[in-house]
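A closer look at the structure
Listed below are the residues making up each chain.
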Amino acid sequence: MTAKVEREEMTVKRPLPRVLDPLPGESLPGLLLRVAFRLGRSPDRVAELCGLREMGGAIPHFYLRYLPGPQATALSCSAGLTAAEANNLTLRPFAHGFPALTGSKWDLIRTGGSATSNWGVTVSSRYCPDCLRGDGSPVQNAFGGAWQASWHLPVAFACLRHRRFLEHVCPACERPVNGTMRAQPSLIKNSRLSGLHPAQCRNTLTLGRGSGKSVCGARLDEHPGSGARDLSAEDLQRLLSLQERIIARLTPTDPPRVGDPMRMSFFPDLISTAHLIKLTWPMGETYIPSQELAMLVEEHAALVVAMVQARRAGDTGASLNSLRAVPGDAAQCGALLLAADTLLGDRELIALRSRIRALAGEAFRTSPNHADKILRQEENSDTLVRASFHRMYGDVGRRRQRTAPPDPRFQIEEIPAYLPRDRFESHIAPIIPDLPSLGRRATRLLRRAVSIRLAQLATGGTWHASAEFLGIPANSALHTLRVLTRELGESQLRCVFEDAVGEIAVKLGRAVGRVDYARRRRSLAKWRLPADDWHALRDGLPKLGRGRTSTDPRVGSIFLWSEVTQGEHLHSPMLREHREAGEDTTLLALAAGRCYSTDLHNSRLRLVQRLRIYAGLLAEACDQQTALRVSVDEVAALEGSA
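Residues numbered from 1 in each chain as written. Predicted model: local features only at pLDDT ≥ 70, side-chain atom pairs only at ≥ 80, totals over all residues. Heavy atoms only, no water.

When you go through the protein chain residue by residue, the secondary structure sums to 29 helices and 4 strands. Out of the 642 residues belonging to the protein chain, those deemed buried represent 51%. Contacts in the protein chain between residues at least 24 apart in sequence constitute 70% of all its contacts with a sequence separation of at least 6. Accessible surface, the protein chain as shown: approximately 29,300 Å² in total, 51% of it carbon and sulfur. (Helix = DSSP H or I, 4+ residues; strand = E, 2+ residues; numbered from the N terminus. Buried < 20%, exposed > 50% of the residue type's maximum accessible area, 1.4 Å probe, protein only. Contact = heavy atoms within 4.5 Å. Areas by Shrake-Rupley, 256 points an atom, 1.4 Å probe, with all protein chains shown as cover.)

Structure (structure tokens):
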């Protein structure tokens with residue numbers, strides 16, 4: 001048995017004397033402060049007796065997020081708590097609807113900076129002086145009211161009970177309560193000091209050269225604080241109504257909410273939009289209902305804008321984490337979240353795009369990397385991601401087009417040069433009836449255009465450069481761009497097309513086991529279907545035709561290349577070689593294209609089925625980077641099992 005295990009077992013043998021029942025909503029540090037004050041011990045000693053202090057270290061701050069099994073058991077036994085009561089002292093009850101909590105690296109002790117920049121939790125606690133003063137009961141008169149666990153969440157900025165903003169600094173020393181700059185923040189600052197009331201400030205004061213250090217000790221519950229910050233009754237009510245909706249989404253329901261499309265994206269969207277408003281300030285001022293609230297946002301956003309400008313000037317010390325930091329002042333935070341909530345509205349895609357388009361464009365212009373990080377987070381809703389996409393078209397006469405920022409969720413190598421049929425039918429085909437002038441060309445042009453657009457999203461490159469990477473000839477890419485620019489223009493249909501591209505991009509980014517189509521194109525650039533394999537695949541299939549192109553193995557090569565690479569058969573290496581040699585490829589291209597007919601029967605249908613099985617085995621060889629040889633016997637066996 002290790003010394004650590006022995007120490008943990010010793011801590012649970014004897015319950016603490018004169019323990020206190022947790023108050024509603026109370027946090028773990030709040031309970032430790034009250035029990036320590038009642039026992040006349042330091043919070044550090046109480047935590048040790050409860051099995052919560054690590055040897056030679058402080059009380060780990062990540063216990064605020066959750067208590068591991070041994071620590072939860074030790075605390076329950078020592079403090080006389082049920083398992084549910086121990087769990088409710090942490091932030092775990094809020095994790096069901098607040099993804100930022102589960103997204104932080106809680107297995108690490110260093111949770112301070114990263115968690116704060118991701119809006120997961122604040123090391124320092126906001127507080128309500130009226131709540132800390134207590135409710136007048138004997139217990140709360142003696143030991144104070146509850147330090148609420150929710151006060152550690154950045155989205156908690158107001159006390160609904162007392163209709164006021166939360167405070168975040170001590171009124172005496174004017175520093176954040178329990179704030180720390182250390183790499184390993186403690187759950188309670190100066191936790192080895194005893195005799196301090198739970199509502200007293202524990203910040204360290206420097207008394208001057210040679211005079212040593214002291215503790216502030218100011219009573220946080222005896223100062224009224226900033227209260228409503230001199231806002232109008234209307235503004236205060238707006239903020240309190242938002243806080244009420246936020247608290248409702250943080251509060252678990254029984255049974256859990258079902259059918260709510262914003263259940264997991266409400267907070268990610270709200271936080272990402274708040275970052276966008278800061279980054280592009282003062283463009284978002286129009287979504288703030290009063291000048292007083294706008295001034296609150298200005299106080300915080302001005303620092304962010306200055307930092308962005310410093311980064312553009314080459315100052316690498318201005319980190320992105322600092323740009324994403326939570327406003328310490330609760331009123332500033334509330335005003336910023338209100339602006340974000342107003343901008344999001346009811347999250348209807350078309351209306352949201354019209355509101356967010358200018359801000360997103362400015363963000364990508366001034367700080368593309370940061371804009372990409374905040375708007376393309378995986379937790380964001382598909383609606384926000386699609387609404388913030390850049391536009392596809394520029395002036396056709398210019399070689400460089402307006403492009404989108406890179407999407408980190410997928411690589412350009414994972415994009416096929418010709419949108420696969422299933423994705424086309426699901427997302428793009430519904431708009432074809434609205435493009436009657438394109439006739440039979442519509443499918444080909446749209447499948448080609450979507451692939452080029454996806455390549456743009458992956459790299460932020462130009463239309464022409466993206467097409468070139470996919471192996472699409474420059475003249476075909478330019479023709480596609482000109483035709484769709486003319487047909488879609490600035491109409492509502494263009495928005496529908498861009499929405500569909502956005503849906504495909506989001507699904508591609510979240511797909512598991514994506515294919516490296518660029519590798520397949522490289523592998524098959526010089527590959528040709530062996531004539532023996534072609535004849536074996538045709539064996540036993542009568543009435544296939546005896547014409548020159550019908551029996552030509554080049555037809556099989558073209559079709560297999562198209563199937564494996566998901567490329568347009570007209571752009572296959574074989575057809576390109578013949579065109580460059582000045583040969584007429586019309587009949588050969590028609591014969592290969594006939595394999596994609598929806599009206600195949602009997603022998604021709606069976607041949608295409610065999611070719612597709614062959615293509616599957618050939619694709620595996622490309623992906624595994626093995627010899628590009630396929631056994632026709634294996635094709636026959638797979639055909640038989642099917």
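Here helix α2 (residues 28–39) is 12 residues long and its end C-alpha atoms lie 17 Å apart, about the 16 Å a rise of 1.5 Å per residue gives. With 10 of 12 residues buried, α2 is to be regarded as a mostly interior element. Considered for burial, the residues of α2 that qualify are Leu 28, Pro 29, Gly 30, Leu 31, Leu 32, Leu 33, Arg 34, Val 35, Ala 36 and Leu 39. Buried residues belonging to α2 abut α3 (43–49), α4 (69–79) and α9 (138–143). (Expected span 1.5 Å × (residues − 1).)

Another point: the packing of aromatic side chains. Aromatic ring pairs are reported here in terms of the distance separating the ring centres and the angle at which the planes meet. Within the structure shown, the criterion is met by 8 aromatic pairs. Aromatic pair Phe 62 and Tyr 63: ring centres 5.1 Å apart, planes at 80°, arrangement edge-to-face. When sorted by exposure, Phe 62 lands in the same class as Tyr 63, which is buried. Ring geometry for Phe 266 against Phe 267: centres 5.0 Å apart, planes inclined by 90°, an arrangement best described as edge-to-face. (Phe/Tyr/Trp six-rings, centres within 6.5 Å; stacked < 30°, edge-to-face > 60°.)

What follows concerns the environment of Leu 349. Among the structural elements, Leu 349 can be located in helix α15 (residues 349–366). Of the residues examined, Leu 349 reaches a relative accessible area of 12% and is grouped as buried. Along the sequence, Leu 349 and Val 385 sit 36 residues apart, while their C-alpha atoms lie 9.9 Å from each other.

Further remarks concern the nonpolar core. One finds Leu 75, Ile 246 and Leu 337 to be the most contacted residues of the largest nonpolar core, which totals 107 residues. If one sorts the elements of this core by residue count, helix α14 (residues 330–344) sits on top with 11 residues. Non-local contacts of Ile 246, meaning those with residues more than four positions away in its chain, are made with Val 155, Phe 157, Phe 266, Phe 267, Leu 270 and Leu 337. (Core = buried A, V, L, I, M, F, W, Y, C linked by side-chain atoms within 4.5 Å.)

The next point concerns the pattern of salt bridges. Within this structure, the stated rule accounts for 23 salt bridges. In this structure, Glu 414 engages Arg 514 in a salt bridge whose closest nitrogen and oxygen atoms are separated by 2.8 Å. Placement of the pair is Glu 414 in the loop between α17 (382–387) and α18 (421–428) and Arg 514 in the loop between α22 (492–510) and α23 (517–523), with a sequence separation of 100 residues. The class of Glu 414 is buried, set by a relative accessible area of 16%. Arg 514 sits in the partly exposed class, given a relative accessible area of 29%. Put simply, Arg 421 and Glu 425 hold a salt bridge, and the shortest N to O gap is 3.2 Å. Separated by 4 residues within a single helix, Arg 421 and Glu 425 lie in helix α18, roughly one turn from each other. Arg 421 sits in the partly exposed class, given a relative accessible area of 41%. Overall, Glu 425 belongs to the partly exposed group, its relative accessible area being 43%. Among the charged side chains, a network of salt bridges with common partners joins Asp 130, Arg 133, Arg 164 and Glu 167. (Salt bridge = Lys/Arg side-chain N within 4 Å of Asp/Glu carboxyl O.)

Right, let's get into the side chain of Ser 367. One can find Ser 367 in the loop between α15 and α16 (368–375). When near neighbours in sequence (up to four residues on either side) are disregarded, Ser 367 contacts Leu 279 and Val 308.

Moving on, we get to unusual backbone geometry. Residue Pro 282 is reached from Trp 281 by a cis peptide bond, and omega for that bond is 15°. Counting through the fold element by element, Pro 282 comes out in the loop between α11 (266–279) and α12 (291–312). In this structure, Glu 174 takes a positive phi of about 60° despite not being glycine. Assignment of secondary structure puts Glu 174 in the loop between β2 (164–165) and β3 (204–206). Glu 174 sits in the exposed class, given a relative accessible area of 62%. Despite not being glycine, Gln 566 has its phi angle at roughly 50°, a positive value.

Put simply, α11 and α15 touch, their axes get as near as 9 Å, and they point 65° apart. With respect to α15, the element α11 is oriented roughly perpendicular. Classified by chirality, the crossing of α15 by α11 is left-handed. Mapping the contact onto sequence places Leu 276, Ile 277 and Leu 279 in α11 and Ile 356, Leu 359, Ala 360 and Ala 363 in α15. Partitioning the contact of α11 with α15 into residue classes produces 7 nonpolar, no polar and no charged. (Axes fitted to C-alpha atoms, helices over the stretch in contact; angles between N-to-C directions. Parallel < 35°, antiparallel > 145°, perpendicular 65-115°, else oblique. Left-handed = near helix turned anticlockwise from the far one by under 90°. Nonpolar A, V, L, I, M, F, W, Y, C, P; charged D, E, K, R; others polar.)

Residues of helix α26 (residues 573–580) that are buried include every one of Pro 573, Met 574, Leu 575 and His 578, and no others. For α26, the secondary structure elements touched by its buried residues are α25 (553–565) and α27 (586–593). Backbone geometry just downstream of α26 places Gly 582 in the positive-phi region, at approximately 85°.

Bringing the environment of Leu 544 into the picture now. Take Leu 544: it is sitting in the loop between α24 (531–538) and α25. The exposure class of Leu 544 is buried, given its relative accessible area of 3%. Through-space distance from the C-alpha of Leu 544 to that of Leu 605 is 10.0 Å; in sequence the pair is 61 residues apart.

Here the focus is the packing of α11 against α16. One can describe the packing of α11 onto α16 by two numbers: an axis separation of 9 Å at closest approach and a directional angle of 160°. When the axis of α11 is compared with that of α16, the two are roughly antiparallel. Every pair of crossing elements has a handedness; the one defined by α11 and α16 is left-handed. Every residue of α16 that contacts α11 at Ser 272, His 275, Leu 276 and Leu 279 is listed here: His 370, Ala 371, Ile 374 and Leu 375.

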